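Letter by letter, the chains look like this.
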Amino acid sequence: MRFGGLTCVDKLNAYVGENELVGMIGPNGAGKTTVFNIVTGVYDPTEGDVKFLGTSVVSFKPYQVAGLGISRTFQNIRLFPSLSVRDNIRVSFVKSIKAGFFDSILQFGRFKKEEKEFDEKINELLEIFGLLDVADEYAKSLPYGEQRKVEIVRALATSPKLLLLDEPAAGMNPTEKFELMNLIKMVKEKFKISILLIEHDMKVVMGVCERIFVLDYGEKIAEGLPEEIRKNPKVIEAYLGETHA
Amino acid sequence: MNSKILFLSSLILIFFLNLFTEHIDPYYYTILIYIGINIILATSLNLINGYTGQFSLGHAGFMAIGGYLSIAVSTYFAPFFMGTFGTELFGQTISFIIVLLLGGIAAAIAGIVVGVPSLRLKGDYLAITTLGFAEIIRVIIQSLEVVGASQGFRGAYIFDNGVKAAQIPVDMANVPYVFYSVPKYTNFFWTFTFVAIIIYFIHNLINSTYGRGFLAVKDDEVAAESMGVNTTKFKVIAFVSGAFFAGIAGALYGHFNLYLNPEDFNFLKSVEIVVMVILGGMGSMVGVIIAAVILTILPELLRSVSEYRMIIYSLLLIIMMLTRPQGLFGVSLRRKKLKVKS
Ligand SMILES: Nc1ncnc2c1ncn2[C@@H]1O[C@H](COP(=O)(O)OP(=O)(O)OP(=O)(O)O)[C@@H](O)[C@H]1O
Ligand SMILES: [Mg+2]
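Basis of the calculations
Residue indices begin from 1 for each chain and proceed along its sequence in written order. To label them, take the chains in the order written and letter them from A, then take the ligands in the order written and number them from 1. For this predicted model, a pLDDT threshold of at least 70 governs which residues receive local features, and a threshold of 80 or more governs which side-chain atom pairs are given and counted, while totals over whole chains, interfaces and linings are taken from all residues. Side-chain metrics rest on all non-hydrogen atoms present in the structure, leaving aside hydrogens and water. Any residue with a non-hydrogen atom lying within 4 Å of a molecule or strand is treated as near it. Polar contact criterion, stated in full: a pair of N or O atoms within 3.5 Å, where within protein one must be able to donate a hydrogen and the other to accept it, and residues adjacent in sequence count only if both atoms are side-chain atoms. Surface accessibility in these figures is a Shrake-Rupley result with a 1.4 Å probe; residues are shielded only by whichever protein chains are displayed. The secondary structure listing takes helices from DSSP runs of H or I that are at least 4 residues long and strands from runs of E that are at least 2 residues long, numbered from the N terminus. Residue polarity follows a fixed list, in which Ala, Val, Leu, Ile, Met, Phe, Trp, Tyr, Cys and Pro are nonpolar, Asp, Glu, Lys and Arg are charged, and the others, Gly among them, are polar. Pairing between strands is defined by DSSP: at least two bridges between them are needed. Here, residues are in contact when the closest pair of their heavy atoms is within 4.5 Å. Angular values range over 0 to 180 degrees, each being the angle between N-to-C directions of two axes fitted as lines to C-alpha atoms, with helices fitted over their stretch in contact. Exposure is judged per residue with a 1.4 Å probe applied to protein chains only, and the accessible area is read against the type maximum: over 50% gives exposed, under 20% gives buried, and values in between give partly exposed. A quick way to say it: buried area is the sum, across both parts, of accessible area lost when two parts are put together, with a 1.4 Å probe. What makes a salt bridge here is a side-chain nitrogen of Lys or Arg within 4 Å of a carboxyl oxygen of Asp or Glu, nothing more. Put simply, a nonpolar core is a bunch of buried Ala, Val, Leu, Ile, Met, Phe, Trp, Tyr and Cys residues held in one set by side-chain atoms that sit within 4.5 Å of each other. Donor atoms are limited to N, O and S found within 2.8 Å of the metal ion, a distance that becomes 3.2 Å for Na, K and Ca. With water left out, some sites might look partial. Any angle that is under 35 degrees is reported as roughly parallel, and any over 145 degrees as roughly antiparallel; angles of 65 to 115 degrees are reported as roughly perpendicular and all others as oblique. Whether a crossing is left-handed or right-handed is set by the direction in which the near helix is turned from the far one by less than a right angle, anticlockwise for left-handed and clockwise for right-handed. For a helix, the expected span equals 1.5 Å multiplied by the residue count minus one. A score from 0 to 100, pLDDT tells how confident the predictor is in each residue. Note on patches: the residues involved have over 30% relative accessible area and no salt bridge, like charges join within 9 Å, and the nonpolar side chains Val, Leu, Ile, Met, Phe, Trp and Tyr join within 5 Å.

## Re the site of ligand 1
All names here are of chain A.
So, point 1. Around ligand 1 sit 13 residues, and of these Gly 29, Lys 32, Thr 33, Thr 34 and Gln 75 come closest.
So, point 2. The backbone of Gly 29 places a nitrogen or oxygen atom 2.8 Å from an oxygen atom of ligand 1.
So, point 3. Residue Lys 32 places a side-chain N or O atom 2.7 Å away from an oxygen atom belonging to ligand 1.
So, point 4. In the complex, 65% of the free accessible area of ligand 1, which totals 630 Å², lies under the protein chains.
So, point 5. When residues in the shell around ligand 1 are grouped by element, the largest group, three residues, is from helix α1 (residues 32-39).
So, point 6. Looking at the shell around ligand 1, its residues break down into four nonpolar, seven polar and two charged.

Written as structure tokens, this is what we have:
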């Protein structure tokens, strides 16, 4: 991926297996978020291909990628500020509406049945993540940690097969981080999905990921199990050494 | 359920109020009708600019299309309508509904032509394209002889030799003709029936899962798109529905005024509707309705300073932006959250 003359992600060859929890780490500006933007169709890569379940998604628009089953959270939280927590999650069901535009206006039986199904699914999710109490608050009025959680739930509500999390622990205190780790593990087990996680916090990454790859200046410099990555001299030099110096 | 009953009972109420309004002073009656038409214009623009967060600046263009097309059809095809549906109330009603819908549909088609290309692009191209579009429509009408060009349009002359025209051509001064003026179809009942329809329409739409898509597009396009919302489609739907109702408003206006002039649909008219939406608080339906009422009555009270309308509007907007950027009613009348029975 190039922006003008700047090559930002170069010859990255990586994969995420079924129901696997993979970590992507690397120093600031390594190109991690850019990888997410390429996969989800926000950017079209200048070269190369992205395959999801055998389908090439490079020419897909973001909403089409979401339709195929890839969902994400954002490094800078992007909740819908004028909507309640419940309605933030409701937006994820828009793509699966069968009752159309005119049904939504006339609101006959078919529409009501579907709305009820959505309401039930939303309530179920809110309950699982302990958000029922704040369901009718404006999402933006919640504490930071909760907002991150709502963003994860909103992404899950699109029924993804692959979930991309961009630094979900950023700005969290140690207790919140611990809860988040459990939440990520729970999501993976309960929803049987694959997760690709970007995270700077090594405790979180090492604690939840089954496999990790490391990006530096847009290139993959290492890949392996958490213990292998921890000991890899290239990684220590590029990343750990720098941040823990 | 609730809103359906409310809608039907308001139709009944409008029907009975209509009997009343027949006796009020024509001046107040006119203002009443203009209030209704402006509510339709403002709430339909609110769907685009308020709820979906786009910026359309050419609502008068859609109004012009609906208005001119509907009164042209009403007059040029008057013999057909009379012959087919008769001249009784029933026939008139059918004829009116047909031309109203034609006006709305024509405006909606124009909405697709203008909206699809500009809404597909990233960035704010809509304001400039719609502004240009409305001006182009006005200039086209100004040179269209069939609808009276810059003289305005009152009705159609249908000559015995089969010629039809908006004015008597010089070389046909001696040919016998019948003049069909614009029929006065618009009354309190029809105007406020459409007010009720658009309020019902937008209320139901916005308070559904589907409608949350529009709000999501306004709040954060990137996030909406990543959650599977086809943002371009939602923008186009909002824009085309808005254009449709502007066309209906134009048709109502034409069949009330019985005369249309291209200058009725100049830039000032588009700005006026935008001001109603901004003043009303972008996406607060009650606010926008109140703003439409106030901004219809205010110029009547201030007739003597009517040349300064543009200046007053600009000042109003500047003061608003500084003191109440959320609109007059933006906070106190917050949008209702979706109710859920758990
Ligand atoms: N749209 C863009 N146009 C130009 N350059 C960009 C664009 N998006 C990202 N970049 C550049 O690409 C590089 C990688 O950015 P990216 O956001 O992917 O890094 P990151 O690994 O997510 O970093 P961080 O850990 O700080 O979030 C940066 O140098 C950034 O400035
Ligand atoms: Mg990043």
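## Structural notes on the sheet that holds strand β2 (residues 164-165) of chain B
Residues and elements named next belong to chain B.
So, point 1. In space, the three strands of this open sheet follow the order β2-β1-β3, with antiparallel pairing throughout. Two strands bound the open sheet, and with one partner strand each, they are β2 and β3 (177-181).
So, point 2. The pairing of strand β1 (residues 155-159) with β3 spans five bridges and is antiparallel. Counted as the bridge partner of Phe 159 is Tyr 177 from β3.
So, point 3. Against the sheet, helix α3 (residues 59-76) makes contact with β1, β2 and β3, and its axis sits at roughly 30° relative to β1, the strand it touches most.

## What to know about α1 of chain A
Because each turn of an α-helix spans 3.6 residues, side chains separated by three or four positions end up pointing in the same direction.
Residue and element names in this part refer to chain A.
So, point 1. Burial analysis of α1 places seven of its eight residues in the buried class, the great majority of the element.
So, point 2. Taken together, the buried positions of α1 are Lys 32, Thr 34, Val 35, Phe 36, Asn 37, Ile 38 and Val 39.
So, point 3. Note on α1: the residue one or two positions beyond its end, Gly 41, has a positive phi of about 85°.

## Thoughts on the interface of chain A and chain B
Bring the parts together and some accessible area is lost; that lost area is often taken as the interface size.
So, point 1. Counting from both sides, the interface comprises 41 residues of chain A and, opposite them, 33 residues of chain B.
So, point 2. When the two sides are added together, the surface that chain A and chain B hide from each other amounts to roughly 3300 Å², 62% of it contributed by carbon and sulfur.
So, point 3. Counting the surface chain A buries against chain B, the share from its top three residues, Tyr 63, Phe 101 and Ile 105 of chain A, is 19%.
So, point 4. The tally of links between chain A and chain B comes to two salt bridges.
So, point 5. Salt-bridge contacts for Arg 212 of chain B lead to Asp 87 of chain A; the nearest nitrogen and oxygen are separated by 2.8 Å.

## Here's the deal with the nonpolar core
So, point 1. Grouped together as the largest cluster of nonpolar side chains are 155 residues, with contacts concentrated most on Ile 89 of chain A together with Leu 252 of chain B.
So, point 2. In terms of residues, this core owes the most to one element, helix α10 (residues 231-257) of chain B, which gives 15 residues.
So, point 3. Sequence-distant contacts of Ile 89 of chain A, that is, excluding residues within four places in its chain, are made with Ile 122, Leu 125, Leu 126, Val 153, Arg 154 and Ala 157 of chain A.
So, point 4. Of all hydrophobic cores here, the second largest spans 20 residues; its members include Val 35, Ile 38, Val 39 and Leu 164 of chain A.

## Here's the deal with the pattern of salt bridges
So, point 1. Considering all chains together, one arrives at 19 salt bridges over all chains under this definition.
So, point 2. Notably, a salt bridge pairs Asp 220 of chain B with Arg 78 of chain A, separated by 2.8 Å at the nearest N-O pair. Separated into two different chains, Asp 220 of chain B in the loop between α8 (209-219) and α9 (221-226) and Arg 78 of chain A in the loop between β6 (70-72) and α3 (85-90) make up a pair that spans both.
So, point 3. Put simply, Glu 151 of chain A and Arg 154 of chain A hold a salt bridge, and the shortest N to O gap is 3.6 Å. Here Arg 154 of chain A and Glu 151 of chain A lie together in helix α6 (residues 144-156), a separation of three residues that amounts to about one turn.

## Some thoughts on the side chain of Ser 92 of chain A
So, point 1. By the secondary structure assignment, Ser 92 of chain A is in the loop between α3 and α4 (101-106).
So, point 2. A polar atom in the side chain of Ser 92 of chain A sits 2.7 Å from the backbone oxygen of Arg 154 of chain A.

## Remarks on the sheet that holds strand β10 (residues 219-224) of chain A
Residue and element names in this part refer to chain A.
So, point 1. Judged by pairing direction, the sheet is mixed, and its six strands sit side by side in the order β6-β7-β8-β3-β9-β10 without closing on themselves. Edge positions in the sheet fall to β6 and β10, since each of these pairs with one other strand and no more. Strand-to-strand twist in this sheet, taken as the mean axis angle between neighbours without regard to direction, amounts to 20°.
So, point 2. Of the strand pairs in this sheet, β6 and strand β7 (residues 162-166) are connected by three bridges, and their pairing is parallel. Its bridge partner lying in β7, Ser 71 is registered against Leu 163.

## Thoughts on the coordination of the magnesium ion (ligand 2)
Residue and element names in this part refer to chain A.
So, point 1. Within the first shell, the magnesium ion (ligand 2) binds the protein through Thr 33 (OG1) and Gln 75 (OE1), at distances of 1.9 to 2.1 Å. With Thr 33 in helix α1 and Gln 75 in the loop between β6 and α3, this residue pair connects regions lying 42 residues apart in the sequence.
So, point 2. Using a relative accessible area of 30% as the deciding quantity, one classes Gln 75 as partly exposed.

## Considering the packing of helix α2 (residues 26-51) of chain B against α10 of chain B
When two helices pack together, their arrangement is given by the angle between their axes and by how far apart the axes lie.
Residues and elements named next belong to chain B.
So, point 1. Relative orientation of the contacting elements α2 and α10 amounts to 165°, with a least axis distance of 7 Å. One way to sum up the angle between α2 and α10 is to call them roughly antiparallel. In terms of crossing hand, the pair formed by α2 and α10 is left-handed. Facing Tyr 29, Thr 30, Ile 33, Tyr 34, Ile 37, Ile 40, Leu 41, Ser 44, Leu 47 and Ile 48 of α2, the residues of α10 in contact are Ala 238, Phe 239, Ser 241, Gly 242, Phe 245, Ala 246, Ala 249, Leu 252, Tyr 253, Phe 256 and Asn 257.

## Considerations on α3 of chain B
So, point 1. Its 18 residues place the ends of α3 of chain B 26 Å apart at the C-alpha level, agreeing with the 26 Å of an ideal helix rising 1.5 Å per residue.
So, point 2. Burial runs high along α3 of chain B: 17 of the 18 residues are buried.

## A short note on the confidence of the model for chain B
Residue and element names in this part refer to chain B.
So, point 1. Per-residue confidence for chain B gives a mean pLDDT of 90, with 94% of residues at or over 70.
So, point 2. Throughout residues 331-337 the model reports pLDDT below 50, and contacts reaching past four residues in sequence, or to other chains, amount to 18 contacts.
So, point 3. On the interface metric, ipTM, the complex scores 0.91, and its pTM is 0.92.

## A few points about a nonpolar patch on the surface
All names here are of chain B.
So, point 1. There is a patch of nonpolar side chains on the surface, built from Phe 267, Ile 297, Leu 301, Leu 302, Val 305, Tyr 308, Met 310, Ile 311, Leu 315, Ile 318, Ile 319 and Leu 322 and spanning about 1100 Å² of accessible area.
So, point 2. Contributing elements (two or more residues each) for the nonpolar patch: α12 (285-301) and α13 (309-323).
So, point 3. Here the nonpolar patch gets six residues from one element, more than from any other, and that element is α13.
So, point 4. Inspection of the secondary structure puts Ile 318 in helix α13.

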